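Chains, contacts and geometry: an overview
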Amino acid sequence: MKCGFAALIGRPNVGKSTLMNHLLKQKISITSRKPQTTRHRIVGINTTEAGQIVYLDTPGMHQSEKRALNRYLNRTADTTLLGVDVVVWLIDGLTFQDYDEVIFKKLEQAGLPVILAVNKVDRIKDKEQILAFFAEAQHRFPFKHLVPISALKNTNLEDLESAIFELLPEGGLIYPEDQITDRPERFLCAEIIREKLTRRLGDELPYALTVEIELYQEMPGITKIYAVIWVERSAQKTIVIGKDGELLKKVGMDARLDIEKLLDKKVYLQLWVKVKKGWSDNERALHSLGFND
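Heads up: these notes are all about the structure in this document. In this text the structure is predicted, and so the values were computed from the model without any measurement. (Residues numbered from 1 in each chain as written. Predicted model: local features only at pLDDT ≥ 70, side-chain atom pairs only at ≥ 80, totals over all residues. Heavy atoms only, no water.)

1. Describing the packing of aromatic side chains
For any pair of aromatic rings, the description rests on two quantities: the centre-to-centre distance and the angle between the ring planes. Which entries qualify depends on this criterion: Note on aromatic pairs: the rings of Phe, Tyr and Trp (six-membered ring only in Trp) are paired at centre separations within 6.5 Å, and the planes decide the class, stacked below 30 degrees, edge-to-face beyond 60, tilted for the rest. We count a stretch as a helix when DSSP gives it H or I for four or more residues in a row; a strand needs E for two or more, and each element gets its number in order from the N terminus. Accessible area is worked out with a 1.4 Å probe on protein chains only. A residue is then buried under 20% of its type maximum, exposed over 50%, and partly exposed in between. Each ring is checked for a lysine NZ or an arginine CZ that lies within 6 Å of its centre and within 35 degrees of its normal; such an atom marks a charge sitting over the ring.
Counted under the stated rule, the structure contains 10 aromatic pairs. Seen in terms of ring centroids, Phe96 and Phe133 are 5.1 Å apart; in terms of plane orientation they differ by 45 degrees. Their pairing is tilted. Taken together, the residues Phe96 in the loop between strand S4 (86-91) and helix H3 (100-110) and Phe133 in helix H4 (residues 128-140) connect sequence positions 37 residues apart. The residues Phe96 and Phe133 share a single accessibility class, namely buried. Centre to centre, the rings of Phe104 and Phe141 are 6.2 Å apart; their planes meet at 45 degrees, and the pair counts as tilted. Taken as a pair, Phe104 in helix H3 and Phe141 in the loop between H4 and strand S6 (145-148) lie far apart in primary sequence, 37 residues in all. Exposure class is identical for Phe104 and Phe141. Each is buried. One aromatic cluster is present, built from ring pairs that chain together Trp89, Phe96, Phe104, Phe133, Phe134, Phe141 and Phe143. Across the ring face of Phe187, the terminal group of Arg183 is positioned such that the distance to the ring centre comes to 4.2 Å. Sitting above the plane of the Trp230 ring, Lys276 keeps its charged end 4.5 Å from the centroid.

Below, the structure is given as structure tokens:
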């Protein structure tokens, strides 16, 4: 059997979380059109007859390190390269961007086998352009494989998985074959709430927003969840609650339905919005809110 760890890296918003969810055929990482939706290293486990791939979905690598939260996200992405067997570098176009030069250097230093996966190829009409770009990319870096994919449309995902398996070491299962993530349900519920906030708020979304589960109580036939949505300013609290509390109610309804699917049982969900000034630029506050990968 082939078993090992594969890191999914790339710039923000290139589709890493969507890719992992489709590879696993189950939603583990939250997704949205907003950059930096993924804030933690998320483990997704795919066990097949060929072996086991442990995917590590990472925050997008970015240049800005103005706040402690930005530095945490970059640190999480960087440390993921330690101890993995394969790197899948995901990009969403046929050009390398300025920050990709930094990623090239990090990959050279890591000395790991790298697969370049070009996402959203369904949007590229002239497929000859893909071949030309792959020829250019191979001159830039000794990629082990170059795979054109569409994560959303499941295009060539089997080819990508086969390429990953080829580069993994032989060995026994790392996790039990029926396990799909190492994250507890409590964490997944908080992420679902944050996803619904991201999608409902759109451009109004405060960057400094996070969700903390204060109470997670499993009872016969129902799970009770009390969650706090943390923002940095009173004005942001007003935005999240919405007029007459309507936006918060919709977020709660959306999240409850998804959490019930996840837990396969009835859920009582209560949300509060609270202000913690400057939490996104305070290392101690970040640690207390669960940013401690």
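2. A closer look at the sheet that holds strand S7 (residues 210-219)
The pairing of strands in a sheet happens through backbone hydrogen bonds and is either parallel or antiparallel. To keep it simple, the criterion reads: Between any two strands, at least two bridges found by DSSP are needed for them to pair. Every axis in this analysis is a line fitted to C-alpha atoms, fitted for helices over the stretch in contact. Angles between the N-to-C directions lie between 0 and 180 degrees. Note on contacts: a residue pair is in contact if any heavy atoms of the two residues lie within 4.5 Å.
Read across the sheet, 3 strands follow the order S7-S8-S9 without closing on themselves; strand pairing throughout is mixed. The open sheet has two free edges, formed respectively by S7 and strand S9 (266-275), since each of these has just one partner strand. On average, adjacent strands in this sheet sit at an angle of 15 degrees to one another, irrespective of strand direction. Of the strand pairs in this sheet, S7 and strand S8 (residues 222-231) are connected by 9 bridges, and their pairing is antiparallel. Paired with Glu218 across the strands is Thr223, a residue of S8. Across the sheet, helix H7 (residues 234-241) lies against S8 and S9, angled at about 150 degrees from S9, the strand it touches most.

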